[in-house]
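Residues per chain, in single letters:
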Amino acid sequence: MAIIGNYHHSVIASRVAMFAHLVFLVTAVLMLVWLLRFRGGINIQSDDPDQIFNVHPFVMTWGFILLIGEAILAYTTVPMNHRAQKVVHMLVHLVAFILGVFGIYAAFKFHDAAVAPDLVSLHSWLGIAAISLFGLQWLVGFAVFWMPGTHEHARAAAAPAHVMGGLAVFLLAVCAAQTGLVQKGAAAAPGTEARLINVTGVFILLYGVAVASAVALRKAFL
């Protein structure tokens, strides 16, 4: 009975993960439509500060939040051997971190071009905290789970904290995205753009909940 129950919950976790992948695609498309249709495009080399800024939400959504979620799902719900899961998990997280740093750079470059102060909003504070904690999480994870010489007992003991910390940082990044979208939604004129921003925020939140739920279901019944 226990085996049947575990299998049943494993199937549920996989279906939740499939839902998360679908939300991933919808969120990515919504963000792209917003930036191209309403914000004038994406160009880090532009003379238009708005186009420079648009690199920030694009990269932080596509390259940071969504990739972190996919890396988490790859390790917990995607069927492949354990070593392959670890490799994909580590490398996709590394790509997400690099793109996240680039997204932060784009925000600072926009502030310079627009002659605006840095790090004055709650969004910026949450964003810097998320990228910093994510980098620390990746380095600790690499040291514990990939460096030779680490005892298996130490890895097993560190695994729950690693999972918890990873999910916490991921959800912090989701919260940072929500505060950023709130700022842009408040600045947008009432109408289609404002509604699109709100819908994008809802789907980012759904993605975060779906990823966390898939992990919780998988871990609870291993």
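Residues numbered from 1 in each chain as written. Predicted model: local features only at pLDDT ≥ 70, side-chain atom pairs only at ≥ 80, totals over all residues. Heavy atoms only, no water.

Going by what an unreviewed UniProt entry lists, the protein is known as Cytochrome b561 domain-containing protein and is assigned to Brachypodium distachyon. Recorded in UniProt for the protein, the comment headed Function (unreviewed entry) runs: "Two-heme-containing cytochrome. Catalyzes ascorbate-dependent trans-membrane electron transfer by utilizing a concerted H(+)/e(-) transfer mechanism." Its UniProt record gives the protein a comment under Cofactor (unreviewed entry), which states: "heme b". (UniProt positions renumbered as here; feature names shortened; annotations may be inferred.)

This part takes up the UniProt feature "transmembrane region" (unreviewed entry) in the protein. With numbering aligned to this structure, UniProt lists the feature "transmembrane region" (unreviewed entry) at residues 12-35, 55-75, 87-108, 128-147, 159-181 and 196-217. The distance separating the terminal C-alpha atoms of residues 12-35 is 35 Å; by composition the span is 100% helix and 0% strand. The annotated region residues 55-75 carries 100% helix and 0% strand content, and the separation between its end C-alpha atoms amounts to 29 Å. (Helix = DSSP H or I, 4+ residues; strand = E, 2+ residues; numbered from the N terminus.)

This part is about unusual backbone geometry. The phi torsion at Val115 lies on the positive side, around 50 degrees, for a residue other than glycine. On the accessibility criterion, Val115 (76% relative accessible area) is exposed. Here the phi dihedral of Leu119 falls at roughly 55 degrees; this positive angle occurs in a residue that is not glycine. Here Leu119 lies in the loop between α3 (82-114) and α4 (122-145). (Buried < 20%, exposed > 50% of the residue type's maximum accessible area, 1.4 Å probe, protein only.)

Taken together, the side chains of Phe19, Leu22, Val202 and Leu206 make up a nonpolar region of the molecular surface, amounting to roughly 350 Å² of accessible area. Listing elements by their share of the nonpolar patch, those giving two or more residues are α1 (2-38) and α6 (192-220). For Leu22, the location among the structural elements is in helix α1. (Patch = residues over 30% accessible without salt bridge, like charges linked within 9 Å, V, L, I, M, F, W, Y side chains within 5 Å. Areas by Shrake-Rupley, 256 points an atom, 1.4 Å probe, with all protein chains shown as cover. Salt bridge = Lys/Arg side-chain N within 4 Å of Asp/Glu carboxyl O.)

By the secondary structure assignment, Ala106 is in helix α3. Its relative accessible area of 0% is what places Ala106 among the buried residues. With sequence-adjacent residues up to four places away left out, Ala106 is seen in contact with Ile44, Ile52, Val55 and His56. (Contact = heavy atoms within 4.5 Å.)

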